[in-house]
Amino acid sequence: MEVGQMQRQWLDYTRSLFLEGFLDAQFMQLQQLQDENNPDFVVEVVSLFFQDSERLLKDLTFALDQNAVDFKKVDAHVHQLKGSSSSIGAQRVKNACIDFRNFCEEQNIDACLRCLQQVKEEYCLVKNKLETLFRLEQQIVAVGGSIPLVEPTQMSF
């Protein structure tokens, strides 16, 4: 596949992530912080998000599995996950966390368990989507191409 075709594929894929609500404008701001002095900035930040999220999801699963659920602790974990997902632009994870926090406030264990499943699903989806995006970027760079600059108007959000 030639570089121009790979770059178009990357742009189309990136656009789909925004149109489907996986990512929001915060992700574009993160991309703008990357430059030739720090070419792996986005991958590094997102990798930290993956590590942090997996720890928080384990902590949430454990906390909700207790006989006496500490909803303040659950809410603190969800709040942290909401903040980190918001910081990288993982919009659907952030939105699922907002719903989750509302049920923590109500101390509704069944709804919290459903929200935990929803958050886990959204996290797995965005993780897979971002890993695919990064693989496309690696392929473009491997053949001597550069990652196209994306203008906010191209994303339609």
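Residues numbered from 1 in each chain as written. Predicted model: local features only at pLDDT ≥ 70, side-chain atom pairs only at ≥ 80, totals over all residues. Heavy atoms only, no water.

Student: For the overall build of the protein chain, give the residues involved together with the corresponding values.
Tutor: Per the secondary structure count, the protein chain includes six helices and zero strands. Along the protein chain, helices (α) and strands (β) appear in the sequence α-α-α-α-α-α when read from the amino end. A principal-axis box enclosing the C-alpha atoms of the protein chain has dimensions of 60 × 25 × 25 Å. Buried residues in the protein chain amount to 40% of all 157 residues. Long-range pairs, those at least 24 residues apart, make up 69% of the contacts in the protein chain between residues at least 6 apart in sequence. Of the roughly 8900 Å² of accessible surface on the protein chain, a fraction of 49% belongs to carbon and sulfur atoms. (Helix = DSSP H or I, 4+ residues; strand = E, 2+ residues; numbered from the N terminus. Buried < 20%, exposed > 50% of the residue type's maximum accessible area, 1.4 Å probe, protein only. Contact = heavy atoms within 4.5 Å. Areas by Shrake-Rupley, 256 points an atom, 1.4 Å probe, with all protein chains shown as cover.)

Student: Lay out the environment of Gln7 with the relevant residues and their values.
Tutor: Note on placement: Gln7 falls in helix α1 (residues 3–19). Separated by 129 residues in the primary sequence, Gln7 and Leu136 place their C-alpha atoms 8.6 Å from one another. The residues contacting Gln7, other than those within four sequence positions of it, are Ile140, Ser146 and Pro148.

Student: Go over the packing of aromatic side chains with me, naming the residues and quoting the values.
Tutor: One pass over the structure, following the stated rule, counts three aromatic pairs. Their ring planes at 80° and their centres at 6.2 Å tell us that Phe50 and Tyr123 sit as a pair that is edge-to-face. Taken as a pair, Phe50 in helix α3 (residues 41–64) and Tyr123 in helix α6 (residues 109–142) lie far apart in primary sequence, 73 residues in all. Judged on exposure class, the residue Phe50 and its partner Tyr123 are both buried. Among the aromatic residues, those joined into a cluster by ring pairs are Phe49, Phe50 and Tyr123. It is Arg92 that lies over the ring of Phe22; its NZ or CZ is 3.9 Å from the centre. One Lys or Arg, Lys127, reaches over the ring of Phe50 and ends 5.5 Å from the middle of that ring. (Phe/Tyr/Trp six-rings, centres within 6.5 Å; stacked < 30°, edge-to-face > 60°. Lys NZ or Arg CZ within 6 Å of the ring centre and 35° of its normal.)

Student: Can you tell me about the environment of Gln51, naming the residues and giving the values?
Tutor: As for its placement among the helices and strands, Gln51 is situated in helix α3. The class of Gln51 is exposed, set by a relative accessible area of 54%. Sequence spacing of Gln51 and Thr14 is 37 residues, and the spatial spacing of their C-alpha atoms is 23 Å.

Student: Talk me through the pattern of salt bridges; I want residue IDs and the actual numbers.
Tutor: When their charged atoms lie close together, side chains carrying opposite charge are able to pair. Summed over the entire model, instances satisfying the criterion amount to nine salt bridges. The shortest N-O distance in the salt bridge between Glu2 and Arg8 comes to 3.7 Å. Taking the shortest distance from any N to any O, the salt bridge between Arg55 and Asp52 comes out at 2.5 Å. Placement of both Arg55 and Asp52 in helix α3 is noted, with a separation of three residues, approximately one turn of the helix. Looking at Arg55, the relative accessible area reads 37%, which means it is partly exposed. By sharing partners, the salt bridges in this structure join Asp52, Arg55 and Asp59 into a single network. (Salt bridge = Lys/Arg side-chain N within 4 Å of Asp/Glu carboxyl O.)

Student: Give a description of the UniProt feature "modified residue: Phosphohistidine" (unreviewed entry) in the protein chain that names residues and reports values.
Tutor: According to UniProt, the "modified residue: Phosphohistidine" (unreviewed entry) feature falls on His79. Judged by relative accessible area, His79 falls into the partly exposed class, the value being 42%. (UniProt positions renumbered as here; feature names shortened; annotations may be inferred.)

Student: Tell me what's going on with the UniProt feature "domain: HPt" (unreviewed entry) in the protein chain, and back it up with residues and numbers.
Tutor: In this numbering, the UniProt entry assigns the feature "domain: HPt" (unreviewed entry) to residues 38–143. With 87% helix and 0% strand, residues 38–143 has its two end C-alpha atoms placed 20 Å apart.

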